[in-house]
Amino acid sequence: MCHVIVTCRSMLWTLLSIVVAFAELIAFMSADWLIGKAKPVSSEDMDNRTGGSQEPYHPTLGIYGRCTRISHMQVSRRETLCGPYAENFNEIASGFWQATAIFLAVGIMILCAVAFVSVFTMCVQSVMKKSIFNVCGLLQGIAGLFLILGLMLYPAGWGCQKAISYCGHYASAYKLGDCTLGWAFYTAIGGTGLTFICAVFSAQAEIATSSDKVQEEIEEGKNLICLL
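Bear in mind the structure is a predicted one, so any value in this text is a computation, not a measurement.

A. Molecular detail of the overall build of the protein chain. The helix and strand tally for the protein chain stands at seven helices and nine strands. The proportion of buried residues among the 228 residues of the protein chain is 41%. When contacts within the protein chain are restricted to residue pairs at least 6 apart in sequence, those whose partners lie at least 24 apart make up 69%. As displayed, the protein chain has an accessible area near 12600 Å², and 65% of this comes from carbon and sulfur atoms.

B. Layout of the nonpolar core. Ranked by size, the top nonpolar core spans 41 residues in total, and within it Trp13, Trp33, Leu34, Ile63, Trp97 and Tyr154 carry the most contacts. Going through the elements one at a time, α1 (8–29), α3 (95–119), α4 (132–153), α5 (161–167) and α6 (183–209) are the ones with two or more residues in this core. Among the elements that line this core, the one with the most residues is α3, at eight residues. Ignoring anything within four residues of it in the chain, the contact list for Trp97 reads Leu34, Leu61, Gly62, Ile63, Tyr85, Ile92, Tyr154, Gly157, Trp158, Cys160 and Ala163.

C. Representation of the packing of aromatic side chains. A full pass over the atoms with the stated rule returns ten aromatic pairs. Between Trp33 and Phe185, the aromatic rings sit 5.9 Å apart at their centres with planes inclined by 70°, giving edge-to-face as the arrangement. Of this pair, Trp33 sits in the loop between α1 and β2 (34–35) while Phe185 sits in helix α6, and the two are 152 residues apart along the sequence. Assigned by exposure class, Trp33 and Phe185 land together as buried. Ring centres of Phe103 and Phe146 lie 6.1 Å apart, and the angle between their planes is 35°; on these two criteria the pair is classed as tilted. One end of the pair, Phe103, is in helix α3; the other, Phe146, is in helix α4, and 43 residues separate them in sequence. Its relative accessible area of 24% is what places Phe103 among the partly exposed residues. Here the aromatic cluster, defined as three or more aromatic residues joined through ring pairs, consists of Trp33, Trp97, Tyr154, Trp158, Phe185 and Tyr186.

D. Examining α3 more closely. Here α3 spans 37 Å end to end across 25 residues, near enough to the 36 Å set by a 1.5 Å rise per residue. Among the residues making up α3, those that are buried are Trp97, Gln98, Thr100, Ala101, Leu104, Gly107, Ile108, Ile110, Leu111, Val114, Ala115 and Ser118. Summarising the contacts, the buried residues of α3 are in contact with α1, β2, β3 (60–61), α4, α5 and α6. One side-chain oxygen of the residue at the start of α3 lies 3.1 Å from the amide nitrogen of Phe96, identifying that residue as Ser94.

E. Representation of the confidence of the model for the protein chain. Residues with a pLDDT of 70 or more make up 81% of the protein chain, whose mean pLDDT is 84. Within the model, the stretch residues 43–47 combines pLDDT values under 50 with eight contacts to residues more than four positions away or in other chains. Confidence over residues 49–53 falls short of pLDDT 50; this stretch has five contacts with residues more than four positions distant or in other chains.

F. Structural context of the environment of Cys112. You can see Cys112 is positioned in helix α3. The sequence separation of Cys112 and Val20 amounts to 92 residues, and the corresponding C-alpha distance is 8.8 Å.

Cut-offs used in this document
Residues numbered from 1 in each chain as written. Predicted model: local features only at pLDDT ≥ 70, side-chain atom pairs only at ≥ 80, totals over all residues. Heavy atoms only, no water. Helix = DSSP H or I, 4+ residues; strand = E, 2+ residues; numbered from the N terminus. Buried < 20%, exposed > 50% of the residue type's maximum accessible area, 1.4 Å probe, protein only. Contact = heavy atoms within 4.5 Å. Areas by Shrake-Rupley, 256 points an atom, 1.4 Å probe, with all protein chains shown as cover. Core = buried A, V, L, I, M, F, W, Y, C linked by side-chain atoms within 4.5 Å. Phe/Tyr/Trp six-rings, centres within 6.5 Å; stacked < 30°, edge-to-face > 60°. Expected span 1.5 Å × (residues − 1). Polar contact = N/O pair within 3.5 Å; in protein donor to acceptor, adjacent residues only side chain to side chain. pLDDT = per-residue confidence, 0-100.

In structure tokens, the structure reads:
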């Protein structure tokens, strides 16, 4: 018989697992990893826009995507074009970024799988006498290691020609040049930290759902058990 067990610690772990997976996925897909050096707006573009700002714009570059402003655009609210610059894996600008993409993709797939499984831990807490919480916590720790490897390799690709075109000739491995780091990079770092927090907190979720109070509720014949 399925017993639905809901505790504050198990629900918090489930919510954090889902948030971490989505945060890493959004960061990976974003083009806002590097914010390029300012580029002035051409006079022709200013003539085509009414009431537009004359401030220079900053193109952005991701692992496989980019956002840039297209010259000679007609009057439009959409002033920038975002999309992948690489049509396939081999066209990613740097070998280091290719490795980053692989490590991050593996880590994110693990996190998404754990987030999916975590939803069902309210009803199923063990499989083949193995705690799902402990298994998921172990997988989250492994995913965190993949994410760390990817983030450590990413700055090594700042010396590629694509990054130099955005960040200037002073850009090189682990040197940003004229670029700054975008929100996607910081989100990936924050998500990696939360991944390890989730891995540790999974043990607390296991303790909460297998406590004596839970066993007493089960022995009383209750199918829905909610505890603080």
